[in-house]
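Residues per chain are reported as follows:
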Amino acid sequence: ELQTLFGCPSAWGLWTAPRWPVECEVIKETMEHIEWVPPEPEPFCQPVVPDLLPAALSEEQGTVVYHLSPAPPGSCFAGARVGGALGPLSSPAAPLEGPQDTTLLFESRFESGNLQEAIKVGPYEYLLRLRPDLYTTKHTQWFYFRVQNTRRGPLYRFTIANMAKPKSLYGEGLRPLLYSQRDAQTRGIGWRRVGDDICYRRGGTGEGPDGFCLSWSSRFPHDGDTCFFAHSYPYTYSHLQRYLRALAADPARCRYCAVRVLCRSLAGNPIHLLTITQPAAGAAKRAVVLSARVHPGETGGSWAMQGFLDFLLGSHPDARLLRQLFVFKVVPMLNPDGVVVGNSRCSLAGSDPNRAYRTALRSSFPGVWHLRAMVERVLAEREVLLYCDFHGHSRKNNVFVYGCGGGSGTRLCPRIFPWMLSKNVPDKFSFPSCKFKVQKSKAGTGRVVMWRLGVTNSYTVEVAFSGSTVGGRSSHFTVEDLKSLGYHLCDTLLDFCDPDPAKFQQCLSEVDRLLQQRLGREPGPGGSWSDVPSSELES
């Protein structure tokens, strides 16, 4: 059994520098940020009504101060190498005219960076455009870029003019993140929420009839600082590799955790698979499968995954018990290519891999193809009790799950695990936001395909880009909040599998009563909900 658990796939070539498409320019500097938890909760802001804002200056009145050439229309992935494009780098930023020039210097040609253009439309006002996902014209949401030549006094105004989605949490109080290199070095302060007069409105140049704009005002903490703005806490492929390398070098944790290469991405980046269990003879253990970052811009999933691994690989008695009870198969970053290039949603195939789990195109979607194949192999030898795929959500606050409705005899069972999770995380998890519907448009997602393979408890775990409005909170998530979700998932797994059935039965009764309140009716003969239409029950 140990050979089966730890012996495949390959351990060859675990660690490589990120490989980029050959047309991508990449600067030599690497961007690393300290972790920091603000001492006080960071509240949501009061969004501004668009009509109350002064009209933004048009780009015709401005000067292009940063510009990256977009990929030619219809282009597709042709090859990759470490370091991206060969030859000398271009100069996308306009040079400063002297010390008195207050123009910001923009840069995004680094891992996970995304900014295509900056136009200076006022002394301290900038119109920005994001780069669509590579080899597409869509999916502008994730941003992460550097600014230099800052001034401490002025109030700056930034407008991203090509946001894709008609609705966003920026319209409900979400604030962007700012990182000051000087504050990190001198005060130990990391990413923080900033921005006033935040407005999300129709009228940009992105997808849809008009596209959508995100605007915010902000001051910089220092003159001459190097700062970064981001949509959510960055978590790069290099960050993951540093984490896994430290894990693989730890003799104690190596006894129960094997890091292997599941497969390689289109660009040749290793997609890692962790097998975690306490080696033991006897009855076959049940399996638990987790994955994250199929959508590269949803970085909160990586922080939750790291929290899960931190706990499961630690010395807490509950962690040891979990390793004794289960075999964990973990793919922490399914779409490393998208993460490297700063995509929001797609891989280098130019489409969403979370709609491709049914595909036979192994060469186009290697990560999801090999994950599904691995789950099929595991199912042939043991039960898979739980599948969780971590995502980020741009329109709803809190943490919640999307599950799949069970058969007539088990229609409430898929609700038990999320209900237990809501009791363990009352200040973050919203059970009323959960849905258990299997829509046609979601037939190719990991959650639905794993469920159809036979994993009853198959979930997409959605983590809001903003924060929590439950349990007395109204504030943004911190990195520590995100990591704590991983611990609580472990805690809930032990509750769910408690040999004493009392907890499970209690939660089943509570979900049953909740459903009666929601539907305004009682179950049919024998306490069954089999006579309730699926469309009514699943929603």
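Procedures and definitions
- Residues numbered from 1 in each chain as written.
- Predicted model: local features only at pLDDT ≥ 70, side-chain atom pairs only at ≥ 80, totals over all residues.
- Heavy atoms only, no water.
- Helix = DSSP H or I, 4+ residues; strand = E, 2+ residues; numbered from the N terminus.
- Buried < 20%, exposed > 50% of the residue type's maximum accessible area, 1.4 Å probe, protein only.
- Contact = heavy atoms within 4.5 Å.
- Areas by Shrake-Rupley, 256 points an atom, 1.4 Å probe, with all protein chains shown as cover.
- Pairing = 2+ DSSP bridges.
- Axes fitted to C-alpha atoms, helices over the stretch in contact; angles between N-to-C directions.
- Arc of directions from axis to C-beta.
- Phe/Tyr/Trp six-rings, centres within 6.5 Å; stacked < 30°, edge-to-face > 60°.
- Lys NZ or Arg CZ within 6 Å of the ring centre and 35° of its normal.
- Salt bridge = Lys/Arg side-chain N within 4 Å of Asp/Glu carboxyl O.
- pLDDT = per-residue confidence, 0-100.
- Polar contact = N/O pair within 3.5 Å; in protein donor to acceptor, adjacent residues only side chain to side chain.
- Parallel < 35°, antiparallel > 145°, perpendicular 65-115°, else oblique.
- Left-handed = near helix turned anticlockwise from the far one by under 90°.
- Nonpolar A, V, L, I, M, F, W, Y, C, P; charged D, E, K, R; others polar.
- UniProt positions renumbered as here; feature names shortened; annotations may be inferred.

> I keep staring at the overall build of the chain and nothing clicks. Help me out?
A count of helices and strands for the chain gives 13 helices and 22 strands. Buried positions account for 58% of the 539 residues belonging to the chain. For the chain, restricting intrachain contacts to residue pairs at least 6 apart in sequence, the fraction spanning at least 24 positions comes to 77%. Total accessible area on the chain is roughly 21,600 Å²; 53% of this is exposed by carbon and sulfur atoms.

> It is not clear to me how the pairing of strand β6 (residues 125–129) should be interpreted in this structure. Could you clarify?
In summary, the side chains of a regular strand alternate between the two faces of the sheet. For β6, a buried count of five out of five residues is recorded, marking the element as mostly surrounded by other parts of the structure. Of the two faces of β6, the one carrying Glu 125, Leu 127 and Arg 129 and the one carrying Tyr 126 and Leu 128 are both buried. Pairing analysis gives five bridges linking strand β5 (residues 117–122) to β6, with the strands arranged antiparallel. When the bridges of β6 are listed, Ile 119 appears paired with Leu 127.

> Explain the sheet that holds strand β15 (residues 270–276) here, please?
The strand order across the open sheet formed by seven strands is β14-β15-β17-β16-β18-β20-β19, and the pairing between neighbours is mixed. The sheet is open, and its two edges are formed by β14 (257–264) and β19 (399–402), each paired on a single side. Between one strand axis and the next, the sheet turns through 20° on average, direction left out of account.

> What should I look at first to understand helix α6 (residues 317–325) in this one?
Given 3.6 residues per turn, any residue in an α-helix points the same way as the ones three and four places further on. For α6, the full list of buried residues reads Ala 319, Leu 322 and Arg 323. Buried residues in α6, looked at end-on, bunch into an arc of 100°, giving them a common side. Next to the buried residues of α6 lie β15, α5 (300–312), β17 (326–331) and α11 (479–496).

> Please clarify how the packing of aromatic side chains should be interpreted in this entry.
Both the distance between ring centres and the angle between the ring planes are used here to describe each pair of aromatic rings. All told, the structure shown has 32 aromatic pairs when counted by the stated rule. Their ring planes at 80° and their centres at 5.2 Å tell us that Tyr 124 and Tyr 156 sit as a pair that is edge-to-face. Taken together, the positions of Tyr 124 in the loop between β5 and β6 and Tyr 156 in strand β8 (residues 156–163) put the pair 32 residues apart, joining distant regions of the chain. Its relative accessible area of 26% is what places Tyr 124 among the partly exposed residues. Residue Tyr 156 is classed as buried on the basis of its relative accessible area of 0%. With centroids separated by 6.0 Å and ring planes inclined at 20°, the aromatic side chains of Phe 417 and Tyr 459 adopt a geometry described as stacked. Placement of the pair is Phe 417 in helix α9 (residues 416–424) and Tyr 459 in strand β20 (residues 457–464), with a sequence separation of 42 residues. Judged on exposure class, the residue Phe 417 and its partner Tyr 459 are both buried. Grouping aromatic residues by their ring pairs yields a cluster made of Phe 106, Tyr 124, Tyr 126, Phe 143, Phe 145, Tyr 156, Phe 158, Trp 216, Phe 220 and Phe 229. Cation over ring: Arg 323 sits above Tyr 256, and NZ or CZ is 3.8 Å from the ring centre. Across from the ring centre of Phe 436, 4.5 Å away, lies the NZ or CZ of Arg 415, which sits over that ring.

> Mind showing me how you'd approach the pattern of salt bridges here?
Counted by the stated rule, this structure contains 21 salt bridges. Between Glu 376 and Arg 372 there is a salt bridge, with the nearest N and O atoms lying 3.2 Å from each other. Of this pair, Glu 376 and Arg 372 are both found in helix α8 (residues 366–379), four residues apart, which corresponds to roughly one turn of the helix. Judged by relative accessible area, which is 36%, Glu 376 ranks as partly exposed. The partly exposed category is assigned to Arg 372, whose relative accessible area is 24%. Glu 381 is paired through a salt bridge with Arg 382; the nearest N and O atoms lie 3.4 Å apart. The exposure class of Arg 382 is buried, given its relative accessible area of 9%. Each member of the salt-bridge network shares a partner with another, and the members are Asp 427, Lys 428, Arg 473 and Asp 481.

> Please clarify how the confidence of the model for the chain should be interpreted in this entry.
Residues shown with low pLDDT carry predicted positions that ought not to be read at fine detail. For the chain, per-residue confidence averages 91 on the pLDDT scale, and 90% of positions sit at 70 or higher. Low pLDDT, under 50, characterises residues 7–11; the stretch is placed with 10 contacts to residues that sit more than four places away or in other chains.

> Could you clarify how one ought to interpret the side chain of Asp 495 in this entry?
Along the polypeptide, Asp 495 turns up in helix α11. At 3.1 Å, the side chain of Asp 495 and the side chain of Asn 424 are in polar contact.

> Help me understand the pairing of β14 in this model?
Most of β14 sits inside the fold, with six of its eight residues counted as buried. Here β14 pairs with β15 via seven bridges, running antiparallel. Its bridge partner being in β15, Arg 260 is matched across the sheet by Leu 273. Between the antiparallel neighbours β14 and β15 lie five residues, among them Gly 268 with a positive phi of about 90°.

> It is not clear to me how the packing of α9 against α11 should be interpreted in this structure. Could you clarify?
If you want to describe how two helices pack, look at the angle between their axes and the distance between the axes. The interhelical angle for the contact between α9 and α11, taken along N-to-C directions, is 125°, at an axis separation of 9 Å. Taken as axis vectors, α9 and α11 run oblique relative to one another. Two packed elements cross with a definite hand, and for α9 against α11 that hand is right-handed. Across from Ile 416, Phe 417, Met 420, Leu 421 and Asn 424 in α9, the residues of α11 making contact are His 488, Leu 489, Asp 491, Thr 492, Leu 493, Asp 495 and Phe 496. Partitioned by chemical class, the residues of the contact of α9 with α11 number seven nonpolar, three polar and two charged.

> Help me out: how do you make sense of the UniProt feature "active site" (unreviewed entry) in the chain in this one?
Within the UniProt annotation, "active site" (unreviewed entry) is assigned to Glu 462. The residue Glu 462 is located in strand β20 in this model. Owing to a relative accessible area of 7%, Glu 462 belongs among the buried residues under this scheme. Glu 462 has contacts with His 391, Gly 392, His 393, Asn 398, Val 399, Phe 400 and Tyr 402, leaving out every residue within four places of it along the chain.

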